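Notes for the structure review
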Amino acid sequence: MTTVLKGGEVVDETGRRQADVLIGDDGLVAAVGADLAGDRTLDCGGCVVSPGLVDLHTHLRQPGREEAETIESGSRAAALGGYTAVVAMPNTEPAIDSAGVVREILELGSKALCDVRPAAAITVGRAGEQLVPMAELAALGVRIFTDDGAGVQSSLLMRRALEYASSLGVTLAQHCEDAGLSHGAHMHEGEWSSRLGIPGMPAEAEELMVHRDIVLGRLTNAPVHFLHLSTAGSVQLVREAKARGLRVTAEAAPHHFTLTHAEVASYDPVFKVNPPLRTDADVEAVKAGLADGTIDAIATDHAPHAQELKESPFDEAPCGMLGLETALSLALTQLGLPIERVLALLSWQPARIAGVDTGPVEAGRPANLCVVDPSHQWTVDPARLASRSRNTPYAGRSMTGKVRHTVYKGEVVVLDGEAQR
Amino acid sequence: MKDLLSIADLGRDGIEEVLDLTDKFVEVSERRIPKVPTLRGRTVVSLFYEDSTRTRLSFETAAKRLGADTMTFSVASSSVKKGESLRDTVETIQAMGVDAVVVRHGSSGVPWQVANWVDASVINAGDGWHEHPTQALLDCYTIRERLGSLADKRIAIVGDIKHSRVARSDVLAFTALGAHVTLVAPPTLLPPSLEGWPVDVSHDLDDVLRKADVVYLLRMQRERMTEALLPSLREYTAHFGLTRERFRLLGESALVMHPGPMNRGVEIAAEVADAPNAVITRQVSNGVAVRMAVLFLLLAAEGETL
């Protein structure tokens, strides 16, 4: 059966044009043009048809924390958010640090509602001591290695990891946090941590490691990707590194350009996240970094947690918040950027970092597409999210812009805002 | 008002209402039978996740003097040890039909979470490093009792401000009542940011003492040494302890206060703690009356009088 996406405006890295998109029964785009017809017609009037979104930073929790999320439920949330590919973070239980676990993710991912690309840990068990078998995992398709959840503390080990990885065509991604400076902290250190009596981590805990890894990247000539930049200082360090021509890329999460540490005054652990919510000035710096190209991608850091864990005292609760189903709306409305810039940050730019083929919308390419209604108004209801968890910091917030349809390998996995399986 | 979580909930008028009401309960406490039946039939439960015999006994005495029934939920010997969540614990207590829950917890913010889950009144009896509002109220009462008013008084709070819930509540309460507050501590024991705090900061205790109407000493905890916040207790005492020599810099009418328990010889010299202008035991006895006033305000029926 062929499907035509009718009446939308196609937006991709080549530009914007009014065109229908015909999807063949082979899962590829068959044609892009005017007045196309197919067996089935999906109304895309008033919508933008974009290459599918790509999330560089998704915690799918499987294996190990299936009560919080599974590859199936997380991929459903992703599809509803417009994603056709997600990079699954390796801080599972066990960690993604061996061929066996990578194969398990790929096997489960093959039935998912989007492409699931496992990232692997840099060190065995994310313990920061011994390198994982990077060449073996790279051969299985792993493109990103990270100990996310923690930074690699040893400068020597990080240097070795970068050197070793530099011949494999993979990228090391760092969660930048100096564990000594952030020891015992549960939020950003500053005005609010002082007032609320919660131990804080200074922005410098992040910036120290950003600086270290820029330097180590220069030393080893290996690419470094910076996960979830959250401080003005980090953004400036990456801006300067790029200006010097160093091989660095960076991402930022929607909560770091929409929320500040003032939210913690509610003591609701739904606002506990790592890196923590920062200041207004940091929010503005992250936005500026996204606008001027310093930051290459918006990545969700979708981090589901079981409700009972998020009802613990603030200092005992785990870090993380949901993101897959709200990222696009926030990016469309909070950044003040034209939609083609927003989609670049959500789709083709992260795709290049992840090694995902998300090219222009043209005949012969895989039909991984998302159809966005930029004016659709909706309200975030945690109970209606597809994630198995409920820890969205945007509960009750009204949003503008929503995914109408998502097409993955030619299959309409989201139709009129509803997941089809 | 349903709950007392922060001094900020009260504001200046609310604090003064509590203090005015406390006068009446001080009078009750001095009777031969220091008891009134105002809260007969009401149940107050103390839920203490942190040992604090002094504060717990003070609240329970206050509740009993108002005729309320009291229950103690002792965390050490309870279902919490078996892994029960905070929410399940408070919902279980709520299901027993209680009117007020007095919460002490080592984590900042827990009373706010509890207040979201229960209909009963929640009283913050100390949360982490954050607040201890009834301590601040009894401190205000004690100062007012001795000095007539807090307006324009110079109050020095000395010691480990960073980790102190007493300091945070006292700063809010003292400044709301018009006092000038100076924090005196080494930089490692101050909060990382004092943005929005209406206080002065000094690292020179001698200088501050010469002008102070009240010097409020905080307990210096020994574990601060292992966190590299201080080189040694000896060095702390030498620079920030209220030694006998330093005590002489204080004016004769200036008050010496401490929330207890004291480390005699560390933040306060033994002789100073027993000096006539040290009002430390008076703080304790006023604590019961202040907590009676708080329970009365939160639990007494509309229009009820003493």
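Residues numbered from 1 in each chain as written. Chains lettered and ligands numbered in written order. Predicted model: local features only at pLDDT ≥ 70, side-chain atom pairs only at ≥ 80, totals over all residues.

A word on the overall build of chain A
Stated formally: Helix and strand definitions follow DSSP, with helices as H or I runs of at least four residues and strands as E runs of at least two, each counted in order from the N terminus. Note that the radius of gyration is over C-alpha atoms, with the globule rule given as 2.2 Å times the number of residues to the power 0.38. Exposure classification rests on a simple neighbour count of other C-beta atoms within 10 Å of a residue's own: a residue reaching 20 or more is buried, one at 12 or fewer is exposed, and one in between is partly exposed. C-beta atoms are placed from the backbone. Contact criterion: two residues are in contact if their C-beta atoms, reconstructed from the backbone, are within 7 Å.
Tallying secondary structure elements over chain A gives 10 helices and 21 strands in all. Taken over C-alpha atoms, the radius of gyration comes to 20 Å for chain A, in line with the 22 Å a tight globule of 421 residues would show. Expressed along its principal axes, the backbone C-alpha trace of chain A runs to roughly 60 × 45 × 40 Å. With 421 residues in all, chain A has 61% of them scored as buried. A sequence separation of at least 24 residues applies to 75% of the contacts in chain A between residues at least 6 apart.

With respect to the overall build of chain B
From N to C terminus, chain B includes 12 helices and nine strands. The C-alpha radius of gyration of chain B comes to 19 Å, within 12% of the 19 Å expected for a compact globule of 306 residues. With respect to the principal axes defined by its C-alpha atoms, chain B has extents near 55 × 45 × 35 Å. A total of 306 residues make up chain B; the buried ones form 48% of that total. Sequence-distant contacts in chain B: of pairs separated by 6 or more residues, those separated by 24 or more amount to 75%.

Thoughts on the domain arrangement of chain B
Where the parts come together, the accessible area they lose is often given as the size of the interface. Residues and elements named next belong to chain B. Where we set the bar: As annotated, the domain borders come from an automatic or database domain assignment. Classification convention: Asp, Glu, Lys, Arg as charged; Ala, Val, Leu, Ile, Met, Phe, Trp, Tyr, Cys, Pro as nonpolar; all other residues, Gly among them, as polar.
What the domain assignment reports for chain B is domain 1 (7–131 + 286–299) and domain 2 (133–283). Measuring from the centre of the C-alpha atoms in domain 1 to the corresponding centre in domain 2 gives 25 Å. No other element matches the eight residues that helix H1 (residues 7–29) contributes to the side of domain 1 that touches domain 2. Residues that form the side of domain 1 that touches domain 2 fall into these classes: nine nonpolar, eight polar and five charged.

A word on the sheet that holds strand S2 (residues 9–12) of chain A
Residue and element names in this part refer to chain A. In plain terms, the rule: For two strands to pair, DSSP has to find at least two bridges joining them. Orientation is described by lines fitted to C-alpha atoms, with helices fitted over the stretch in contact, and by angles between N-to-C directions that extend from 0 to 180 degrees.
Taken in spatial order, the seven strands of this open sheet run S3-S2-S7-S18-S19-S20-S21, and their pairing is mixed. Both outer strands of the open sheet, strand S3 (15–18) and strand S21 (418–419), are each paired with one neighbouring strand and no more. Pairing between S2 and S3: four bridges, direction antiparallel. Looking across to S3, one finds that Asp12 is bridged to Gly15. Strands S2, S3, strand S7 (48–51) and strand S18 (369–379) of the sheet are contacted by helix H10 (residues 339–354), whose axis makes an angle of about 35° with S7.

So, the nonpolar core
Condition: Joined through C-beta atoms within 7 Å, a set of buried Ala, Val, Leu, Ile, Met, Phe, Trp, Tyr and Cys residues constitutes a nonpolar core.
Val21 and Phe145 of chain A together with Val101, Val158, Val215 and Leu295 of chain B are the most contacted members of the largest nonpolar core, which has 232 residues in total. Sort the elements by how many residues they give to this core and helix H12 (residues 280–299) of chain B lands first, with 10 residues.

So, the domain arrangement of chain A
All names here are of chain A. When its domains are assigned, chain A resolves into domain 1 (3–48 + 363–419) and domain 2 (51–354). Taking only C-alpha atoms into account, the centre of domain 1 sits 25 Å from that of domain 2. Broken down by secondary-structure element, the contributors of at least two residues to the side of domain 1 that touches domain 2 are S2, S18, strand S19 (398–408) and strand S20 (411–415).

Digging into the interface of chain A and chain B
Taken together, the contact between chain A and chain B spans 18 residues of the former and 21 residues of the latter. When residues of the side of chain A that touches chain B are assigned to their parent elements, the largest contribution, five residues, is made by helix H5 (residues 191–196) of chain A. Classifying every residue of the side of chain A that touches chain B gives five nonpolar, six polar and seven charged.

So, the packing of helix H9 (residues 327–334) of chain A against H10 of chain A
Residue and element names in this part refer to chain A. The condition that has to hold: What sets the label is the angle itself: under 35 degrees gives roughly parallel, over 145 gives roughly antiparallel, 65 to 115 gives roughly perpendicular, and the rest give oblique. Left-handed describes a crossing in which the near helix is turned anticlockwise from the far one by less than a right angle; the clockwise case is right-handed.
Put simply, H9 and H10 touch, their axes get as near as 9 Å, and they point 140° apart. Put simply, H9 runs oblique to H10. Pair H9 / H10 crosses with right-handed handedness. Where H9 abuts H10, its residues Leu328, Ala331 and Leu332 lie against Ile339, Val342, Leu345 and Leu346.

Structural notes on H9 of chain A
Residue and element names in this part refer to chain A. Of all eight residues in H9, six are buried; the element is thus mostly enclosed. If you check which residues of H9 are buried, you get Ala327, Leu328, Ser329, Leu330, Ala331 and Leu332. For H9, the secondary structure elements touched by its buried residues are strand S8 (53–58), strand S17 (297–298), H10, S18 and S19. Remark: Gly336 follows H9 within two positions and exhibits a positive phi of approximately 65°.

Focus: the environment of Cys140 of chain B
Residues and elements named next belong to chain B. Inspection of the secondary structure assignment puts Cys140 in helix H5 (residues 133–147). A residue is classified by how many C-beta atoms lie within 10 Å of it, and Cys140, with 26 of them, is buried. If we skip the residues at most four places from it in the chain, Cys140 touches Ile15, Leu19, Leu150, Ala173, Phe174 and Leu177.

Looking at the sheet that holds strand S3 (residues 100–105) of chain B
All names here are of chain B. Ordered in space as S2-S1-S3-S4, the four strands form an open sheet in which the pairing is parallel. The open sheet terminates on both sides in strands that have one partner only, identified here as strand S2 (69–74) and strand S4 (121–127). If you compare each strand with its neighbour and ignore which way they point, the axes differ by 15° on average. Where S3 meets S4, five bridges bridge the pair, whose relative direction is parallel. Paired with Ala100 across the strands is Ser121, a residue of S4.

Some remarks on the pairing of S19 of chain A
Residue and element names in this part refer to chain A. In terms of burial, S19 is largely enclosed, as eight of its 11 residues are buried. Pairing geometry for S19 and S20, over three bridges, is antiparallel. What sits directly across from Thr406, in S20, is Val414.

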